[in-house]
Amino acid sequence: MTRIAIALTPDYADWEIALLTAVARSFLDVEIVFASPDGALVTSMGGLRVTPDCAYAGLDPERFEALVIPGGMSWEKGTAPDLAPLVHAFRNRRKLVAGICAAASALAGTGILNDVAHTGNALLAHQAVPGYAGSALYRDQPRAVSEDGVVTAPGTAPFTFTVEILKALDLWTPEAEAEMAGFGREF
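So, here is what we can say about the structure in this document. (Residues numbered from 1 in each chain as written. Predicted model: local features only at pLDDT ≥ 70, side-chain atom pairs only at ≥ 80, totals over all residues. Heavy atoms only, no water.)

### Considering helix 6 (residues 158-168)
Step number 1: Among all positions in helix 6, only Phe161, Thr162, Val163, Ile165 and Leu166 are buried.
Step number 2: On its buried face, helix 6 sits against helix 1 (15-28), strand 6 (66-69), strand 7 (96-100), strand 9 (150-153) and helix 7 (174-184).
Step number 3: Following helix 6 by one or two positions, Asp170 adopts a phi angle in the positive range, close to 55 degrees. (Buried < 20%, exposed > 50% of the residue type's maximum accessible area, 1.4 Å probe, protein only. Helix = DSSP H or I, 4+ residues; strand = E, 2+ residues; numbered from the N terminus. Contact = heavy atoms within 4.5 Å.)

Given below as structure tokens:
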């Protein structure tokens, strides 16, 4: 069974992972494990209260195929936890790492975007983060980018973020495509 770890932060953007968690869990039999910095309850930007399964320290990369990080307000508020050790633990074991919105900029700060094509809310947001040296690989586009086990997306792209994660995990099956088809027709 595929297992995806989702690292929540205080004030996370709940809608950015909603489609991924619903499709993966309900239609693809993927186990989703939610974590917060200390395992305590977190509240999303929209007021959704989540009691995580564990703290970040309980996320052993050997037990998961992916680490997904939604964006949110904690980076703007200066209260975001340091995700670098967790990101590097997953990346060092060649596990998929995905970040959307402000979490893409957080990934930039870990240095893992310095050598792969990526996107996010804005190049300037990435450049403002110490440790980022990947400007030449930044793609200014309204959809997710996936390369070499890293998926990034602007906050306006939860649909393609979900699609690219499923593809990277070899879960883009006809059933997944059928379940997701309606969401891609919104435009």
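So much for the structure itself; the text now carries on.
### Here's the deal with the sheet that holds strand 5 (residues 54-55)
Step number 1: Pairing is mixed across the open sheet formed by seven strands, whose spatial order is 5-2-1-6-7-9-8. Two strands bound the open sheet, and with one partner strand each, they are strand 5 and strand 8 (145-147).
Step number 2: The sheet contact formed by strand 1 (residues 3-7) and strand 6 spans three bridges and is parallel. Counterpart to Ile6 in the pairing with strand 6 is Val68.
Step number 3: Contacts from helix 1 reach strand 1, strand 2 (31-36), strand 6 and strand 7 within the one sheet, and its direction differs from that of strand 2 by about 145 degrees.
Step number 4: Each of strand 6, strand 7 and strand 9 touches helix 4 (residues 102-110); the most contacted strand, strand 7, lies at about 130 degrees to it. (Pairing = 2+ DSSP bridges. Axes fitted to C-alpha atoms, helices over the stretch in contact; angles between N-to-C directions.)

### Re the pattern of salt bridges
Step number 1: Overall, the coordinates contain five salt bridges when judged by the stated rule.
Step number 2: Of the charged contacts in the structure, one is a salt bridge between Glu31 and Arg3, with a shortest N-O distance of 3.0 Å. Of this pair, Glu31 sits in strand 2 while Arg3 sits in strand 1, placing them 28 residues apart in sequence.
Step number 3: Using a relative accessible area of 31% as the deciding quantity, one classes Glu31 as partly exposed.
Step number 4: The exposure class assigned to Arg3 is buried, which follows from its relative accessible area of 13%.
Step number 5: The partner of Arg94 in a salt bridge is Asp148, and the shortest N-O contact between them spans 2.9 Å. Remark: Asp148 occurs in the loop between strand 8 and strand 9 and Arg94 occurs in the loop between helix 3 (84-92) and strand 7; sequence separation between them is 54 residues.
Step number 6: For Arg94, a relative accessible area of 57% translates into the label exposed.
Step number 7: We classify Asp148 as partly exposed; its relative accessible area is 43%. (Salt bridge = Lys/Arg side-chain N within 4 Å of Asp/Glu carboxyl O.)

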